[in-house]
Each structure stands twice: as C-alpha cells, then as structure tokens.
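Given next are the chains, with one letter for each unit.
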Amino acid sequence: MALSIGIVGLPNVGKSTLFNALTKNQTAMAANYPFCTIEPNKAIVAVPDRRLDQLSEIVHPQRVQNAIVEFTDIAGLVKGASKGEGLGNQFLSHIRETSAIVHVVRCFEDDSIIHVDGSVDPLRDIDVINTELVLADIQTLENRIARLEKQSKTDKKLQPLFDIARKLLDHLNTGSPAILFAEKESEIFEELTKETRLISLKPVIYAANVDEAGLSEDNEYVKKVRSFAEGHNAEMVKICAKIEEEMAGLSDVERTEFLESLGQSESGLDQIINHGYHALGLISYFTAGVKEVRAWTIERGWKAPKAAAVIHDDFERGFIRAEVIAFDDYIEGRGEAGARTAGKLRTEGKEYVVNNGDVMHFLFNV
C-alpha cells in the first residue's frame, strides 16, 4: 500500500511551488494567477528513510526500494467550488481518491503575489476551503440518504444505516467535518462511508507556508494556524515552499548543509510524510536480502499475515510463520547471521503484531 496525499488550498498560496519541491520535478506550473493548475499533477515520491541506508551498508543489495508516496497537486479551490465556482467539482472528485490532505495556508506577506481575496488571513482561508469540503460531503450524503430512505422501506436491515446517515448530515450541517463526528468509530458508520468516501473524513495536515524569515520563529499567522490545528486534532507543519523548491536540485549532502544553515533539521518533504504517516497510523517494516533491501508500508496494528499480503496475496493465503528481527538488533548484529547468533531472531505466528522497523522474512505455502 502507498500513502496518497492531495495538496489543496486557495489559489496562489504555494501549492504548486510545494509540489515542485516535494517531487524534485518542475512539472507543476507555478504562476502568479489563479487556476494555473488545470489538471491535477501526480507524482510518485520515494519516502526518505535513513534506516534503509543502514541496512544497505550491511547487506550490500543489488538495489534499494523505498516506500512511496503519491502526491496530487489539485487546482486552487475557491468559495463556491462545491457548486461549480472556479473550476468546480472536478477537483473535489480528485481529493476523494487520496488518503490524506495537505492544506497549504499562506502565512507570509508579499505584495507581488496576488491573494485571491486581496489580503492574507489564514483562518479565513482555512474556513473557505473546509466549508467547501463539508458542502461537497453534504451533497454526497444527501444523495445517499435519498436512496436509503427508499430502500429502507422494503429492507428494514438498512434502517440503522439510514439513521446514522441522518445523524451525520445534521453534524455536517453545523459546518463540522466528518472526522469530528462522534460515532465515526462505529461499524455502521464505516459501512456508510465505504461508498460515500467523504472528503472531510480524511486526516488533514495544515502546511503553514512562510517566507524565509518565518522559518526561525513563528509569525502571528503561523501561531493562528497552529492553534487552529491543535483545536481540531489535526497535524500541522511549517514550511517555506520557495526554499524547498530551491533545494530541489541539491544533492543530499548539500540539502542537509543548507537546512542546517537555516536552523532546520528536516525538509518539508520529511515533515509532511512523517505527519502523514502519523495521521494515518502507518508504519514500515523491511525485507533485506542480497537482491533487494525494501521498505513496506502497513497500518499500525496489522498482524503478520496481513502485513505479508502487501508483498503478495499468496504470502497471506499460505502464511506459515515469519522470522523477525527488530531493526536495532539487526544493526547491532551486523545482519541476520549475527542477530541469529545473539538469539535476536524470533519465529512468530499468525497473531504476531508487526512493529515499526521489523526486519522480516515470511515462510508460506500455497
């Protein structure tokens, strides 16, 4: 499985600039006018993970395969997007396909860059976008409720689904996103949302886009975004999309040195991916052999057979057992042989819950 992130926000807040930086690829046209992104830009990005480097130094594989993230740069939404304003619903449909949302918020002053509403106000901007996402969900849910109302008259088993759909609609009509719905953990809610794929149910990472001066110390705009994110149980990162784009052509060493000169330890890519993994409850385990060292993305809490299925369905269907070495033990033992000698290699069965960083080898038979 791969993490997919949609980049949203008002026009001219830095979305396409961030996309260019994140993908190290100047394919998203950044221009100083609204709607310069006419089709969603997609790119597959390798997830930076220093643990792969450590494993590779020991194993010396033929190749190294990082986990991946798919980024989608979606054209700037405006007030009324859910009703077709701007470039309309076509872009809201692209957001439905993603796992999480990065909401880029402008937190800097620059008279040379036009703001669609004429002034910088991050909380107003956040409200505009969030309102459009909720309104889009209301339309989706109203259509589902209309069908359920008819169906439940002849199939009483659908009544609980109809009831929770009405409760959720009342919740959305207050302007609150689906992710804050009190009954979102219930099985009946999960059944309802499998079909509806509500946008406002997705985890949001607010990216406060600042100028270079704003990186060292939070300005008033950033403080407002940070407070808003905390109050809505959302993730928040502070980035400078312009600097990230400037770093896109640098080597890893040059990029590290440049970040250190700015007093930063992580790039915008690292921050967004790490927050995305945290928001979605994702972790990585590794396979390590002479042909390949690879990271595999799974959800926290998955048991060994399900984790094995991300490699191939046969691994889950014919699962026998897993040989597991904790990452630190693998590094300390300088590989599988050393970890085995030290008694750190474990044999685990179907009920084993995979830990972040486990180095695993699956035995199966189909």
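### Focus on the side chain of Thr196
Tracing the backbone shows Thr196 in helix H6 (residues 187–196). Residue classification places Thr196 among the buried residues on the basis of a relative accessible area of 5%. Looking at Thr196, its side chain comes within polar contact range of the main-chain oxygen of Leu192, at 3.2 Å. Residues contacting Thr196, with those up to four places away along its chain left out, are Arg96, Thr140 and Arg144.

### Focus: helix H8 (residues 220–231)
Its 12 residues give H8 an end-to-end C-alpha distance of 17 Å, which sits within 8% of 16 Å, the value for a rise of 1.5 Å per residue. Listed in full, the buried residues belonging to H8 are Tyr221, Val222, Val225, Phe228 and Ala229. Take H8 and look down its axis: the buried residues cluster within an arc of 125 degrees, on one side only. Turned more than 90 degrees from where H8 packs its buried face, Glu220, Glu230 and Gly231 sit exposed. Here the buried face of H8 lies against strand S5 (100–106), helix H4 (122–154), strand S6 (204–209) and strand S7 (235–239). The residue sitting at the N-terminus of H8 and contributing the capping side-chain oxygen is Asn219; that oxygen lies 3.0 Å from the backbone nitrogen of Tyr221.

### Notes on the pattern of salt bridges
In the structure shown here, the tally under the stated rule is 17 salt bridges. The salt bridge partner of Asp125 is Arg124, with a shortest N-O separation of 3.1 Å. One salt bridge in this structure joins Lys184 and Glu185, with 3.0 Å as the shortest N-O distance. On the basis of relative accessibility, which here comes to 60%, the residue Glu185 falls in the exposed class. One network of salt bridges, with partners in common, ties together Arg63, Glu292 and Arg294.

### Regarding the confidence of the model for the chain
In regions of low pLDDT, the predicted coordinates are not meant to be interpreted in detail. Residues at a pLDDT of 70 or more form 90% of the chain, whose mean pLDDT is 88. The spread of mean pLDDT over the elements of the chain runs between helix H3 (residues 89–96), the lowest at 71, and helix H14 (residues 327–332), the highest at 98. Here residues 32–38 is modelled with pLDDT under 50, and outside its nearest four sequence neighbours on either side it reaches 21 contacts, counting other chains as well.

### What to know about the sheet that holds strand S2 (residues 41–46)
On the basis of which strands lie adjacent, the open sheet formed by 6 strands has the order S2-S4-S1-S5-S6-S7 and mixed pairing. Edge strands, defined here as strands with exactly one partner in the open sheet, are S2 and S7. Across this sheet, the average inter-strand angle for adjacent strands is 25 degrees, counted without regard to direction. Across the sheet, H8 is in contact with S5, S6 and S7; its angle to S7 comes to roughly 160 degrees.

### Quick word on the layout of surface pockets
There is about 970 Å³ of room inside the largest pocket. In terms of lining, the largest pocket is formed by 36 residues, of which the most central are Val47, Pro48, Asp49, Arg50 and Asp270. Along the walls of the second largest pocket sit 22 residues, with Ser99, Leu201, Lys202, Pro203 and Leu280 positioned nearest its centre. Elements that contribute at least two residues to the lining of the second largest pocket include exactly strand S1 (3–8), H6 and helix H11 (268–280).

### A short note on unusual backbone geometry
Not every positive phi belongs to a glycine, and His60 is a case in point at roughly 55 degrees. Among the structural elements, His60 can be located in the loop between helix H2 (50–59) and strand S3 (63–65). Its identity is not glycine, yet Arg197 carries a phi of approximately 45 degrees, on the positive side. Within the secondary structure, Arg197 is located in the loop between H6 and S6.

### Section: H11
For H11, spanning 13 residues, the distance from its first C-alpha to its last is 18 Å, which sits close to the expected 18 Å at 1.5 Å a residue. Within the span of H11, buried status applies to Gly268, Leu269, Asp270, Gln271, Ile272, Ile273, Gly276 and Tyr277. Looking one or two residues past H11, Gly281 carries a phi angle of roughly 70 degrees, positive in sign.

### Describing the environment of Val134
Summarising the element assignment, Val134 is placed in helix H4. Relative accessible area serves as the criterion here: at 5%, Val134 is assigned to the buried category. Residues Val134 and Ile199 lie 65 residues apart in sequence; the distance between their C-alpha atoms is 7.5 Å. Ignoring any residue separated from it by four or fewer positions in sequence, one finds Val134 in contact with Leu172, Gly175, Ser176, Pro177 and Ser200.

### Things to note about empty space enclosed by the protein
If you walk through the whole model with that rule in mind, you get 1 cavity of 30 Å³ or more. Volume-wise, the largest cavity comes out at about 60 Å³. Along its surface, the largest cavity is lined by 13 residues, and Leu215, Glu244, Leu259, Gln264 and Glu266 are the ones closest to its centre. Sorting the residues of the lining of the largest cavity by element identifies S7, helix H9 (241–246) and H11 as the ones contributing at least two each. For the lining of the largest cavity, the per-class residue count stands at 6 nonpolar, 4 polar and 3 charged.

What counts, and at which threshold
Residues numbered from 1 in each chain as written. Predicted model: local features only at pLDDT ≥ 70, side-chain atom pairs only at ≥ 80, totals over all residues. Heavy atoms only, no water. Helix = DSSP H or I, 4+ residues; strand = E, 2+ residues; numbered from the N terminus. Buried < 20%, exposed > 50% of the residue type's maximum accessible area, 1.4 Å probe, protein only. Polar contact = N/O pair within 3.5 Å; in protein donor to acceptor, adjacent residues only side chain to side chain. Contact = heavy atoms within 4.5 Å. Expected span 1.5 Å × (residues − 1). Arc of directions from axis to C-beta. Salt bridge = Lys/Arg side-chain N within 4 Å of Asp/Glu carboxyl O. pLDDT = per-residue confidence, 0-100. Pairing = 2+ DSSP bridges. Axes fitted to C-alpha atoms, helices over the stretch in contact; angles between N-to-C directions. 1 Å grid on protein atoms, 1.4 Å probe; cavity = no way out; pocket = protein on both sides within 12 Å on 5 of 7 lines; lining within 4 Å. Points joined across faces, edges and corners; volume = space filled by probe spheres on them. Nonpolar A, V, L, I, M, F, W, Y, C, P; charged D, E, K, R; others polar.

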